[in-house]
Amino acid sequence: MAAHVYDLSSTVESYELSKTGRAFLYPPTEKIKVIEVDNFPLLGKLTAFRFIEWVLKNPDGVISLPTGKTPEHFIKWVMRILERWDQADIRKQCEAYGIPTARRPVMDGLRFVQIDEFYPMDATQQNSFNWYVNELYLKGFGIRPENALLIDATSLGLPPGVSMQEMFPNNIVDLSLRVRQTRTNLEQRQKETINRVDEFCMEYEKRIHEMGGIGFFLGGIGPDGHIAFNVRGSSVFSVTRLTGTNYETQAAAASDLGGIEISRSRLVITIGLATITYNPTVTAIIIAAGDAKAPIVASAIENNPSPQYPASVLQGIEGGRMYLTKGAASRLVERRFEDFRNKPEVTSADIDDVVVPLALKVGKRVTALQAEDFAGDRFGAELLSKSGQPVPALVHGVAERLVAKIERGLAPVKETVFLHTEPHHDDIMLGYLAHIYHLVRDPSNKHYFANLTSGFTAVSNPFCHSVVKNLMPYLESPKFAQMLKEGYFNPKSAPNKMEDVFLYLDGVAANNVDMKNEGQARRMLRNLIEVYNTSDMRVLRLRVRDMDEYFSTQYPGAKDPPDIQLFKGTIREYEVELLWAYFGIDASAISALRLGFYKGDIFSEEPEVDRDVIPIYQLIKKVNPTVVSVAFDPEGSGPDTHYKALQAVAEALRMYEKETGNTNIRVWGYRNVWYRYRPSEAELLIPVSLNSLSLLHTAFMNCFGSQSAASFPSYEHDGPFSELAQQIQVGQYDMMKTCLGHGYFQKHPHPRMRASRGMIFLKEMELTEFYEKVRELKKLTEAKD
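As the structure is a computational prediction, the values presented were derived from the model and not from experiment. (Residues numbered from 1 in each chain as written. Predicted model: local features only at pLDDT ≥ 70, side-chain atom pairs only at ≥ 80, totals over all residues. Heavy atoms only, no water.)

Digging into the overall build of the protein chain
So, point 1. From N to C terminus, the protein chain includes 31 helices and 17 strands.
So, point 2. For 785 residues, the compact-globule estimate of 2.2 N^0.38 gives 28 Å, and the protein chain sits close to it at 28 Å.
So, point 3. Each of the three principal axes of the protein chain carries a C-alpha extent, and together these read 80 × 75 × 60 Å.
So, point 4. Counting the 785 residues in the protein chain, one finds 57% classified as buried.
So, point 5. Counting only carbon and sulfur atoms, one obtains 51% of the accessible surface of the protein chain, whose full area is about 31,600 Å². (Helix = DSSP H or I, 4+ residues; strand = E, 2+ residues; numbered from the N terminus. Rg over C-alpha atoms; globule rule 2.2 N^0.38 Å. Buried < 20%, exposed > 50% of the residue type's maximum accessible area, 1.4 Å probe, protein only. Areas by Shrake-Rupley, 256 points an atom, 1.4 Å probe, with all protein chains shown as cover.)

Written out as structure tokens, the structure is:
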């Protein structure tokens, strides 16, 4: 069938573009049209109204929509528009967008194409994309199932009566069987199965072509730039196929599949880049939110088409678009320059943001930069024009500010009460452990820690199963029976909890596995008593057997029941007690708040005052801190855990300030493995020695057993978070070494500076500045209806 000709005109885009004051495209640098919006919810709203506009013009068109968290607000807005079509608020917004309202959008004539799926994958599992499409698109939007072209990988390619586990033990599919000779009967059957899957993919592609190709494609962009599962290196001519993925994609999929151990070997079925662009009049929109997506977004938009940037395929079609939040668009150079040029005046932060990158680009100390260096840099030349300052004054000002920030990071801190807050149990450690290493040495300082969520989603089933297996023989031991009788395992006994911790750490020191295993088993039994509210050993043994069965049979990536969630969370709480015991900090100084917004759902809840803010407020009131630390990330892809925790802490501080009148609290904003500060954003630059870097890694591996295998790693590093944190801190040191010269460090009078091989960046704020920054972030993350 010939490709259907779709109308690409859009009053929705015209209206939204007029509000931004931006051009649609900045050629020749930009090669894909872009619309920017302020935040993640508005991204979903824009996309939803553009989709509705398209559906009204093409009620029988072919659509292909994404899965995961990216389309959260798109889905919510489409459903809201459909449900409230006849109500005044939707009519008013349609009128503003130029969408006619005489005819209601009808979804049951649309034809739907599923973008991709894992293979093997049981389609009844809630982490399958087939399940997602059925629940949220077919049922949610009212699309007829018979109009949907779906990928059901439950038994795809299998001969009758054979299960996936029988055909592909441990779900390992070896694609080399396509081309090599088989060695066993099983391999021959596997090869035949793979061939049948390949035939399915050919037929799938053919059916899309018979429909005239996709008319409306909406997708996200992966950390390597992939759209659908067309990973970096995919051909522009690729079609629907069974294929492997790369590390970045596997890391991003780890949370869906229950760990990197599973996603490493799991294949995917995906439509190809040529599938998406088969119809030359397709409306193909990529949506991206957050600063973390900015580099790969810029690569796809600004580079020439290349297999290294799969989303660059949109450059070849008239209807190719990227809808971006301000954060996701922040690396687009023409837009950055336009913003810089339009500034009425430059601040010291603006100057630092130009001069530091210029020094790094040319490999010079900032004070060694010359007028020709500025003249050869677009931003540098504009800075000279706007500031009216001579080069020596500019560069010496930057150097003085950097040195002052480092000196502040070196300054001793005394008689200070710290409340260190963290969304997850290793956030503080990965952010600024080396600084705490020095702060705890002064006994006049007091330290309290608040773990804001239970962090259960970071504990994989295999690790939890290993913990349960380790506990089982101890439940039969007379020693544990006697300790239980004596009340040792009372969950509320702080001294006994510390006994668990001391035994484990003694085992670490002695390199004694038995001591570590017993220390862990003691705490796990204590946790079970808390979770199930019983100290009856017979009941506990039954519970443990049930858990053993659960972890043996539950599919990875499934949402756990509440008792398993709670048990996993108590593992994380034990791990953080091990960490702070390294520094002599008692478990009584650590508060596990378990805020209720954290539930492990695809689309998570917003914080509530009574449930999520009051516990933090009560803790602040109890400890009366001088300094409160918070994970202070920039705009992310929506209201994620770090953002929600930040908002809850900010509201608790407002309540505390209002009640007590205390305005003298300082806030330390830290970042760790997910985001970095620019030097201009930080007030404290703290040197980190090799000794501290070593401590970071060894303590992480010894204390955070659930994280040591890196089951849910960063896409930036194939290994534990402690290694990535070290890389970041070393990189920040290298940045300062270039800017100030290695002699500044080698000849510094302070031994900590001479020993420095890493650098921590912290932002220090008074309460008024903190509240203002949180308000700014809220604007970038949330939208009013």
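With respect to the state of the cysteines
So, point 1. Applying the stated criterion to the full structure yields zero disulfides.
So, point 2. Free of any disulfide, C464 has its nearest cysteine sulfur in C703, 18 Å distant. (Disulfide = S-S within 2.5 Å.)

Some remarks on the sheet that holds strand β2 (residues 62–64)
So, point 1. Here we have seven strands laid out as an open sheet, ordered β1-β10-β9-β6-β2-β3-β5, and parallel in their pairing. With partners counted over all chains shown, the strands left at the sheet margins are β1 (33–37) and β5 (148–149), one partner each. (Pairing = 2+ DSSP bridges.)

Thoughts on the environment of Q165
So, point 1. Here Q165 shows up in helix α6 (residues 164–167).
So, point 2. A residue is classified by how much of its surface remains accessible, and Q165, at 44% relative accessible area, is partly exposed.
So, point 3. In the structure, Q165 is positioned 45 residues away from P120 in sequence and 9.3 Å away in space, judged by C-alpha atoms.
So, point 4. Among residues more than four places away in sequence, those in contact with Q165 are N170 and N171. (Contact = heavy atoms within 4.5 Å.)

Here's the deal with unusual backbone geometry
So, point 1. A cis geometry characterises the amide bond from P27 onward to P28, with omega recorded as 0 degrees.
So, point 2. With respect to the helices, strands and loops of the structure, P28 is situated in the loop between α1 (11–20) and β1.
So, point 3. Y119 connects to P120 through a cis peptide bond whose omega is -5 degrees.
So, point 4. As for its position among the elements, P120 is in the loop between β4 (116–119) and α5 (129–141).
So, point 5. In the Ramachandran plot, N511 falls in the positive-phi region, its phi being about 55 degrees despite a non-glycine side chain.
So, point 6. Tracing the backbone shows N511 in the loop between α20 (494–510) and α21 (513–532).
So, point 7. The class of N511 is exposed, set by a relative accessible area of 65%.
So, point 8. Look at N533: it is not a glycine, yet its phi comes out positive at around 55 degrees.
So, point 9. Mapped onto the secondary structure, N533 falls in the loop between α21 and α22 (537–553).
So, point 10. The class of N533 is exposed, set by a relative accessible area of 71%.

Quick word on the side chain of R50
So, point 1. Among the structural elements, R50 can be located in helix α2 (residues 40–57).
So, point 2. Judged by its relative accessible area of 2%, R50 falls in the buried class.
So, point 3. Side-chain polar atoms of R50 contact the side chain of E53, separated by 3.0 Å.
So, point 4. Setting aside chain neighbours within four positions, we find R50 in contact with L8, S9, S10, V12, E13, F216, T283, I285 and Y323. (Polar contact = N/O pair within 3.5 Å; in protein donor to acceptor, adjacent residues only side chain to side chain.)

A short note on the pairing of strand β10 (residues 320–325)
So, point 1. Of all six residues that make up β10, six are buried, and the element is covered over most of its length.
So, point 2. Because side chains alternate across β10, one face comprises the buried residues G320, M322 and L324, and the other comprises R321, Y323 and T325, equally buried.
So, point 3. The pairing of β1 with β10 spans five bridges and is parallel. What sits directly across from E36, in β10, is L324.
So, point 4. Crossover connection from strand β9 (residues 283–288) via helix α11 (residues 294–302) to parallel β10: handedness right-handed. (Right-handed = clockwise from strand over helix to strand, strands pointing away.)

Side note on the packing of helix α19 (residues 478–485) against α21
So, point 1. Between α19 and α21, the least distance of the axes is 12 Å, while the angle of their chain directions is 45 degrees. Compared by their axis directions, α19 and α21 come out oblique. The hand of the α19/α21 crossing is right-handed. Here K479, F480, M483 and L484 of α19 lie close against α21, whose contacting residues are E518, A521, R522, L525 and I529.
So, point 2. Its residues assigned to classes, the contact of α19 with α21 shows six nonpolar, no polar and three charged. (Axes fitted to C-alpha atoms, helices over the stretch in contact; angles between N-to-C directions. Parallel < 35°, antiparallel > 145°, perpendicular 65-115°, else oblique. Left-handed = near helix turned anticlockwise from the far one by under 90°. Nonpolar A, V, L, I, M, F, W, Y, C, P; charged D, E, K, R; others polar.)

With respect to the sheet that holds strand β17 (residues 756–766)
So, point 1. Within the open sheet, the seven strands sit side by side as β13-β12-β11-β14-β15-β17-β16. Their pairing is mixed. The open sheet is flanked by β13 (590–592) and β16 (684–689), the only strands paired with a single partner. Between one strand axis and the next, the sheet turns through 25 degrees on average, direction left out of account.
So, point 2. Relative to β13, strand β12 (residues 446–451) is paired through three bridges, and the arrangement is parallel. Following the sheet pairing, F449 is matched in β13 by I590.
So, point 3. Sheet strands touched by helix α25 (residues 641–660): β11 (417–422), β14 (627–631) and β15 (666–670). Its angle to β14, the strand with the most contacts, is close to 155 degrees.
So, point 4. Contacting β16 and β17, helix α26 (residues 690–703) crosses the sheet at an angle of about 85 degrees to β16.

Points about the side chain of E36
So, point 1. Topologically, E36 is positioned in strand β1.
So, point 2. Residue E36 is classed as buried on the basis of its relative accessible area of 4%.
So, point 3. Of note is the side chain of E36, whose polar atom sits 2.8 Å from the side chain of R335.

Description of the packing of aromatic side chains
So, point 1. A full pass over the atoms with the stated rule returns 36 aromatic pairs.
So, point 2. With 5.1 Å between their ring centres and 90 degrees between their planes, Y488 and F489 make a pair best called edge-to-face. Across this residue pair, the class does not change: Y488 and F489 are buried.
So, point 3. Aromatic pair W674 and F721: ring centres 5.5 Å apart, planes at 70 degrees, arrangement edge-to-face. Taken as a pair, W674 in the loop between β15 and β16 and F721 in helix α28 (residues 721–740) lie far apart in primary sequence, 47 residues in all. (Phe/Tyr/Trp six-rings, centres within 6.5 Å; stacked < 30°, edge-to-face > 60°.)

These results come straight from atomic positions and should not be treated as a statement about function.
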